[in-house]
Amino acid sequence: MEVRLQKVLAQLGIASRREAEEMIRQSRVQVNGVSAHLGQKVDPQKDAIAIDGKLISAAERPPLIYLLLHKPPGVVSTCADPQGRKTVLDLLPKELRAGLGIHPVGRLDAESTGALILTNDGELTFGLTHPRHSISKTYRVVVKGHPSQAVIEKWSQGVMLDGRKTLPAQVNLIESFAENSCLEIVLKEGRNRQIRRVAEILEHPVIRLYRTAIGSIKLKNPKETFLREGQYRSLKDEEIRFLQKSIKHRNIKDSAEVRSVAKA
């Protein structure tokens, strides 16, 4: 059965759907010896698919891997960095760094720390990073000063960012210090550096940002040893099912499908 090429590459653990789309745009993917085009449909059982001239096969699909990493500061949430900075893959053992298609699901900026999922399940990555997903993410955030109740309510209700209001969030004061405050923030969206940018707008800049949980997946559970910075563990079966269930019933289209609908 024919399916879109970027979806096949994601299912094979080659890359996420978005990464696969970029590979196709860069003419790195060939189908039956001809450069592929975005939105092209293929039959992985019949068509010869190659990346950078190397044939790939459904029979060579690596086992699906799901990891939870405690990202330290100064580490970038990418597979490779042109500036030569340390990446999240550098924190994994050598046997997991290459050849398995493992990549981060979403991002934490370089100086932020905490929970980050790594996987080679491209379909899961596509679903979890799509704007329509709604898995909550929980953060402990130390900000400068002492936000008033009015500021906390404004943050909770939504703040204009890039001409669009942020979705309602849970923002609670956890502790006040001499010059700073610790907040717990729960978001159901993840715009670029959202917490830091909103905090700047509200005049309480972020000093430290730490993601404690992704949905029900936590860095620290009562029955487990806490993951220290730089450590990782495999996700449990129930955690994987939670992630899969969260995107299962969402009719999420890739960008090529969205464009074709828009033109109709």
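Okay, so let's go over this structure.

A separate point is the packing of aromatic side chains. What the rule picks out here adds up to zero aromatic pairs. Between Arg208 and the ring centre of Tyr210, over which it is positioned, the NZ or CZ distance is 5.2 Å.

The next point concerns the packing of helix H4 (residues 122-129) against helix H7 (residues 237-248). Put simply, H4 and H7 touch, their axes get as near as 9 Å, and they point 60° apart. Judged by the inter-axis angle, H4 sits oblique to H7. Relative to H7, H4 is oriented so that their crossing is left-handed. Here Glu123, Leu124, Gly127 and Leu128 of H4 come into contact with H7, specifically with Leu243, Gln244, Ser246 and Ile247. Looking at the contact of H4 with H7 residue by residue, the class counts come to four nonpolar, three polar and one charged.

On to the pattern of salt bridges, then. Counted under the stated rule, the structure contains ten salt bridges. As a salt-bridge pair, Asp162 and Arg197 come within 2.6 Å of each other at their nearest N and O atoms. You can see Asp162 sitting in the loop between strand S11 (160-161) and strand S12 (164-165) and its partner Arg197 sitting in helix H6 (residues 194-201), a full 35 residues away along the chain. In this structure, Glu239 and Arg233 form a salt bridge, with 2.9 Å as the shortest nitrogen-oxygen distance. Each member of the pair, Glu239 as well as Arg233, is classed as buried. Taken together, the salt bridges that share partners define one network made up of Glu21, Glu22 and Arg25.

Within the secondary structure, Asn172 sits in strand S13 (residues 170-176). When sequence neighbours within four positions are dropped, the list of residues in contact with Asn172 reads Cys182, Leu183 and Glu184.

Here H7 is twelve residues long and its end C-alpha atoms lie 16 Å apart, about the 16 Å a rise of 1.5 Å per residue gives. Taken as a whole, H7 has its buried residues at Glu239, Ile240, Leu243 and Ile247. Projection of H7 onto a plane perpendicular to its axis shows the buried side chains occupying an angular sector of 105°, all on one side. In H7, those exposed residues whose orientation departs by more than 90 degrees from the buried face are Asp237, Arg241, Lys245 and Lys248. Check the buried side of H7 and you find it contacts strand S7 (66-71), strand S9 (113-119), H4, strand S16 (217-218) and strand S17 (232-234).

Attention now moves to helix H5 (residues 149-157). For H5, the complete set of buried residues consists of Val151, Ile152, Trp155 and Ser156. Buried residues of H5, viewed axially, fall in a sector of 135°; they line one side. Exposed residues lying more than 90 degrees from the buried face of H5 are Gln149, Ala150 and Gln157. On its buried face, H5 sits against S13, strand S14 (180-187) and H6.

The next thing to look at is the pairing of S13. Pairing of S13 with S14 involves six bridges; the strand directions are antiparallel. Within S14, the position partnered with Leu173 by the bridge is Leu183. Joining the antiparallel neighbours S13 and S14 is a turn of three residues.

Along the chain, Thr119 turns up in strand S9. Looking at Thr119, its side chain comes within polar contact range of the main-chain oxygen of Ile65, at 2.7 Å. A polar atom in the side chain of Thr119 sits 3.0 Å from the backbone nitrogen of Asp121. What Thr119 contacts, discounting residues up to four positions off in sequence, is Ile65, Tyr66, Gly101, Ile102, His103, Val105 and Thr125.

Glancing now at the nonpolar core. In summary, soluble globular proteins display a tendency toward joint burial of nonpolar side chains. In terms of nonpolar packing, the biggest core is built from 20 residues, with Val141, Trp155, Ile185 and Ile195 touching the most fellow members. Listing elements by their share of this core, those giving two or more residues are strand S10 (137-144), H5, S14, H6 and strand S15 (206-214). With sequence-adjacent residues up to four places away left out, Trp155 is seen in contact with Ala169, Val171, Leu183, Ile185, Ile195, Val198, Ala199 and Leu202. One finds Tyr210, Leu219, Leu235 and Leu243 within the second-largest nonpolar core, a separate group that totals 17 residues.

Reading guide: rules and limits
Positions within a chain are numbered from 1, following the residues in the order the chain's sequence is written. Note on the predicted model: pLDDT of at least 70 is required for a residue's local features to be given, and 80 or more for side-chain atom pairs to be given and counted; whole-chain, interface and lining totals, by contrast, use all residues. To get the side-chain values, all heavy atoms of the structure are used, and hydrogens and water are removed first. Centres within 6.5 Å make a pair out of two Phe, Tyr or Trp rings, where for Trp the six-membered ring is used; the pair is then stacked when the planes are under 30 degrees apart, edge-to-face when over 60, and tilted otherwise. Note on criteria: charge over ring means Lys NZ or Arg CZ within 6 Å of the ring centre, with the direction from the centre no more than 35 degrees off the ring normal. A fitted line through C-alpha atoms serves as each axis, taken over the contacting stretch for helices, and the angle formed by two N-to-C directions is quoted from 0 to 180°. Think of it this way: any DSSP run of H or I at least four residues long counts as a helix, any run of E at least two long counts as a strand, and we number them from the N terminus. Should an angle fall under 35 degrees it is called roughly parallel, over 145 degrees roughly antiparallel, and 65 to 115 degrees roughly perpendicular, with every other angle called oblique. By definition, turning the near helix anticlockwise from the far helix through less than a right angle yields a left-handed crossing, and turning it clockwise yields a right-handed one. Whether two residues are in contact is decided by their heavy atoms: any pair within 4.5 Å suffices. In this classification, the charged set is Asp, Glu, Lys and Arg, the nonpolar set is Ala, Val, Leu, Ile, Met, Phe, Trp, Tyr, Cys and Pro, and all remaining amino acids, among them Gly, are polar. Any carboxyl oxygen of Asp or Glu within 4 Å of a side-chain nitrogen of Lys or Arg constitutes a salt bridge here. Any residue under 20% of the maximum accessible area for its type is buried, any over 50% is exposed, and the rest in between are partly exposed; the area is computed with a 1.4 Å probe on protein chains only. To estimate how far a helix should extend, the number of its residues minus one is multiplied by 1.5 Å. Working definition: the arc comes from the directions between the helix axis and the C-beta atoms, pointing outward to the latter. One requirement defines pairing of two strands: DSSP has to find at least two bridges between them. By the criterion applied in these results, polar contacts are pairs of N or O atoms within 3.5 Å in which, for protein atoms, one can donate a hydrogen and the other can accept it, and in which residues neighboring in sequence qualify only through two side-chain atoms. Throughout, nonpolar core names a set of buried Ala, Val, Leu, Ile, Met, Phe, Trp, Tyr and Cys residues whose side chains join them through atoms within 4.5 Å.

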